[in-house]
Structures are given as structure tokens and as C-alpha cells.
Amino acid sequence: MNTIIIFGLILISFISLVGGFKSINKSRTATEFFLMGGKLKLPAFIGTMVASNLSLGNMIFVCSIWGYYFGLSGVFWVAITIILLIVGYNVFGKHFKKYVEDKNNSGSLHDYIASLYIIEGNEKYKTLRYFTSLVTVVTLILAIVLELHIASTLFGTLYNVQIGTTFVILTSLIAVYSCLGGFRTVVDTDILQSVFLVFGICAGIYFYYNFPAEPIKSIEFKTIISGTGWANALGISFLGFGWLLITMDTWQRNCASRSIDTSLNGIILAGSLMVVFVILFAFFGIYIKDVVEPLAIKNNIVTSSGLLPYNDFFKIESLVTQQDLRFCLGFIFIGLIMAAISTADTFLVVLSHSITTDLLISKNAKDLGSLDEKSNIFFGAIGRATIIVVTFIIMISWAILNYFNLLGDPLNLFYVAYSVQYSLLPALLFGIFYKRRNVTSAISSIIAGIIFTLFIGFYFLPKVQQGDMTDYLNLRPDQWLGLLPFLISLISAITYSIANLFKRK
């Protein structure tokens, strides 16, 4: 097992670095570095979407935790979430066609939202673009910290190495090859990482059918809809429906294709694969609860009680004696690490894209597409430098969150990290459908969303970790966090409406 893991990770690291060096000449300009010159094709689109979204923190662990805590109901609702993800984009995708297919724009969610509020002679739309970009920067820094922290804990579980050391090594490796080739390298490595993830899933299925243990028992059809509770069901469903509308990596991917048909078809096909995968991940959570945890307890092995299901899985590694099953453990481990890396490298390039185009280029030029060749090459170099700077910020952010013990609950930290992004949803939808839209109202709604997300999130996160079941305004702490994407969008929408009302008066 150890041989497979070490050989596999070294091979993947080598291929990623080689891919980065090979992509340098093709990614000299900012347009190529961030958007591949608009030449992303359907197969690569599907590969990078699956790899980026089936991440360790925002899919694999979350789905497994839902399976562990809610059984078959958890399986049902994570599948509904991905289905709603496909539905959400197909409902609104037609409104993005003009922007996605325009090769002269910056290929940025924030640029698109700001463009909805452009009024001749009023430069406030630029301020709106800065605030929307800030939301994504905060979200993705927290998301990368979560991804690589979970990956580092897996290394710690299996090899007893320091989490901080592993975190720094993983972050540095990803930064190097992402810095070399930009989005082009990310797409190439995502395809490779998707293959290893599929190997890991197949190995997991083989392990389940061949490891001698008690069968799964937590299958209850009567509560398949109600088993998670209304708050969790509403929160995760809303999160799924809005996911592809307000995540910057989605917009970067869509604009890299410069084809709304490629985007729509790619999302349907990739989403269909993801439905199958998340169901398997959720069933794995049930497997942990019914099979792995009792076995661990029987052998005096301490588990996380569902908070870190895959860590608990590898804690029984010493009880696995069959050589073929140990090989399976190795493939599963590599697949999980690849899931973390494939999302972290995508988010790192997205962060650089947002900072470079939305905060730097937009001050002097309206769009990425308006740059002359010399400026385009210059900002390509700036994009690379930004990745290095952001890497250090990510390491510092990890150190702070780890110091305050806020990284031990992946599920609820996931809600906090990604709910920040939902403060953009009202500004986006009002901008598309409301004729009397106002840029000040949009900015106000986003500020309110950021403030309330961080307040509600970090107020209730410690309470959930302490097992606090007290009602706060008729909701338990875990319900507050589960509803967070919906609540933040609601708060932002109310703020937008109130600010717009005062502006009109």
C-alpha cells in the first residue's frame, strides 16, 4: 500500500510539473493564462468540472458526513443537490450567452455582475466589481485552506506526519505548477486527477465487497425525505440550485469555452456523472457508521464520530491483511488526495484571475480583451506573481484558523466558507431581471451578506463543535449553519430592496 501511494504521488507530481513547464509558452499572455484563449473543448470541460467540483472538502467529505448522520435520506438529498445544480444553470444560462461568447471580456463573474449596473457617467459599477471580487477572494482562500487541511489530516492519519508540514508542501507544489501554466495546466492535471479519482472509487467498491465485515444496516426508506430535517434539506438544496450561478470557477470555465452550448452540454454531462459519484460518497458514510466504526471500537481505535469519515477509514488500515485490499487502500488514498489538489489548483488560478482582472486590470482598462499584446504579456506575469503572493496568504490563514481550532469540522466549515459567495446571488438576479436596479443597492447587499456570513458562521461554528443543541431564535446552531446559504441570500436580497427603496425616495 505504501509503495503504491508514494509511487503514485511522485508520478503525479512529476507529470504536473512537466505539464506546467510545457504550458509556459502557450500561457504567456493573461488571456491564455486565465482563459486558454477561449479554446476549452467539451471533453476537457467535463474533465475539469468533475475534478474541480468533486473535491475533498466540498463534495467527498460533505456527502460522506451526510450519509453517516442521515443515512439513506442523506444519500437522497446530496443527489437532489447535484440535480438542482444542473437545473439552476439551465434555467438561467440563456441570460449569460452574450457574455460567455464575447471574446473581448474578462471572463469573470464579477465583470458580468458589474456590467449589469453600468450607467453612463457613473463609475460606481467599478466599485461593485471590486466588492464582488472580494467575496470570491475570501471564499476561495477559506475553501483552499479547507481542502488542503483535510488532505493533510489524511497524511497525518496514515503516516503520523505533522499537518502543518504537509499543508505547506502541498500548497507549495500546487502553486509551482499552477504558476507555470495557469488554467491550461489546471485543465490537463484535472483530467489526470479525475482518472485517479475514478480508480479510487472503483477500489472502494471492490474493498466493500471483499472486506470481511458486517453488512450495512442503516437503510430506512420511510424517512428518505424527512430524515435530514427541513433546515438541512432546504439549505443544501438552495446551495445546489445557486452553485453554478455565483462560483467564479464556473464562470472561468464557461468563458474559457466561449460557447454557451459547450457550457450547457458540459454541465449536463459532468453533472450526471457527479450525481452517481455523490451517491457513492454518501453510501460510504453509511459504511463508515455501520461497518468501520464498530470494527474500530472493537479494536480500541478512537474515531471522529463521523466528522472525518475517511480518516476513520484509514485508522483500520492495520486490520486489513489481504494484499489486494491493501492495494485498494492505496488507490483510495491517492484518489482522495487528487480530489483535494484538483480543486485547490483550480481555485488558486481563479483567485489570481479575479485579483488580476477585477482589481488590477479594471482600474486602467475595462476588460481583459481590450489589452494590447505588451500589456497582455505583462498582466500574464502579474497573474503568476499573484499566485505566489496568494499562496503565502493561504498559509497564514491556515495558521490562524488552526490556532483557534476552527478546522476540525469539515461539514460546517464548508457552509461558512461557501456561503460568503451567496451574498452575490441577489445582485446577480436583480441585475438580470429588475429594471430599476441600482449599483449602491447591489454593493450594500453584498456588504451585508459578507458581514452576516462571517458573524453567523463563526458565532455558531464553535457551538456546533461543542455539541450545543440550544435553540437560538428557534434554530439550533447546526440548523443555522445548514441554512446559511439560503439565509445569506435572503439577508442580501432584503438589504438590496431596502437600499433601493431609500434610493428611489
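Residues numbered from 1 in each chain as written. Predicted model: local features only at pLDDT ≥ 70, side-chain atom pairs only at ≥ 80, totals over all residues. Heavy atoms only, no water.

**Considerations on the overall build of the chain**
Next up, step 1: When helices and strands are counted, the chain shows 20 helices and zero strands.
Next up, step 2: Relative to the 2.2 N^0.38 estimate, which gives 23 Å for 505 residues, the radius of gyration of the chain is 22 Å and therefore close to what a compact globule would have.
Next up, step 3: For the chain, the spread of C-alpha atoms along the principal axes amounts to about 70 × 55 × 40 Å.
Next up, step 4: Counting every position in the chain, which comprises 505 residues, the buried fraction comes to 60%.
Next up, step 5: Here the analysis covers contacts within the chain between residues at least 6 apart in sequence; of these, 85% occur between residues at least 24 apart.
Next up, step 6: Computed over 33 positive and 27 negative side-chain charges, the inter-centroid distance for the chain is 9 Å. (Helix = DSSP H or I, 4+ residues; strand = E, 2+ residues; numbered from the N terminus. Rg over C-alpha atoms; globule rule 2.2 N^0.38 Å. Buried < 20%, exposed > 50% of the residue type's maximum accessible area, 1.4 Å probe, protein only. Contact = heavy atoms within 4.5 Å. Lys, Arg positive; Asp, Glu negative; His and termini not counted. Charge placed at Lys NZ, Arg CZ, Asp CG, Glu CD.)

**So, the nonpolar core**
Next up, step 1: If you look at the biggest cluster of nonpolar residues, it comprises 172 residues, and the most contacted ones within it are F96, F313 and L428.
Next up, step 2: The dominant element in this core, judged by the number of residues it contributes, is helix α14 (residues 323-364), at 20 residues.
Next up, step 3: If we ignore the near neighbours within four places in the chain, the residues touching L428 are F96, Y112, I113, L116, L245 and I246. (Core = buried A, V, L, I, M, F, W, Y, C linked by side-chain atoms within 4.5 Å.)

**What about the packing of helix α11 (residues 248-257) against α14?**
Next up, step 1: In the contact formed by α11 and α14, the axes pass within 10 Å of each other and the chain directions differ by 80 degrees. As judged from the angle between their axes, α11 and α14 are roughly perpendicular. Residues M248, D249 and Q252 of α11 lie in contact with α14, whose contacting residues are T346, F347, V349, V350, H353, S354 and D358.
Next up, step 2: Taken together, the residues of the contact of α11 with α14 break down into four nonpolar, four polar and two charged. (Axes fitted to C-alpha atoms, helices over the stretch in contact; angles between N-to-C directions. Parallel < 35°, antiparallel > 145°, perpendicular 65-115°, else oblique. Nonpolar A, V, L, I, M, F, W, Y, C, P; charged D, E, K, R; others polar.)

**Quick word on helix α8 (residues 124-159)**
Next up, step 1: Counted at 1.5 Å a residue, the expected span for α8 with its 36 residues is 52 Å, and the 53 Å between its end C-alpha atoms agrees.
Next up, step 2: The buried fraction of α8 is high, at 27 of 36 residues.
Next up, step 3: Within two residues after α8, N160 carries a phi angle of roughly 55 degrees, on the positive side. (Expected span 1.5 Å × (residues − 1).)

**Thoughts on the side chain of S27**
Next up, step 1: Inspection of the secondary structure puts S27 in the loop between α1 (2-22) and α2 (30-35).
Next up, step 2: Classification of S27 by relative accessible area gives buried; the value is 0%.
Next up, step 3: Those residues within four positions of S27 in sequence are excluded, and the remaining contacts are E32, F33, G181, R184 and R384.

**A word on unusual backbone geometry**
Next up, step 1: In the Ramachandran plot, M36 falls in the positive-phi region, its phi being about 55 degrees despite a non-glycine side chain.
Next up, step 2: A relative accessible area of 9% means that M36 is categorised as buried.

From the geometry alone we can't say anything about function, so treat these as descriptive.
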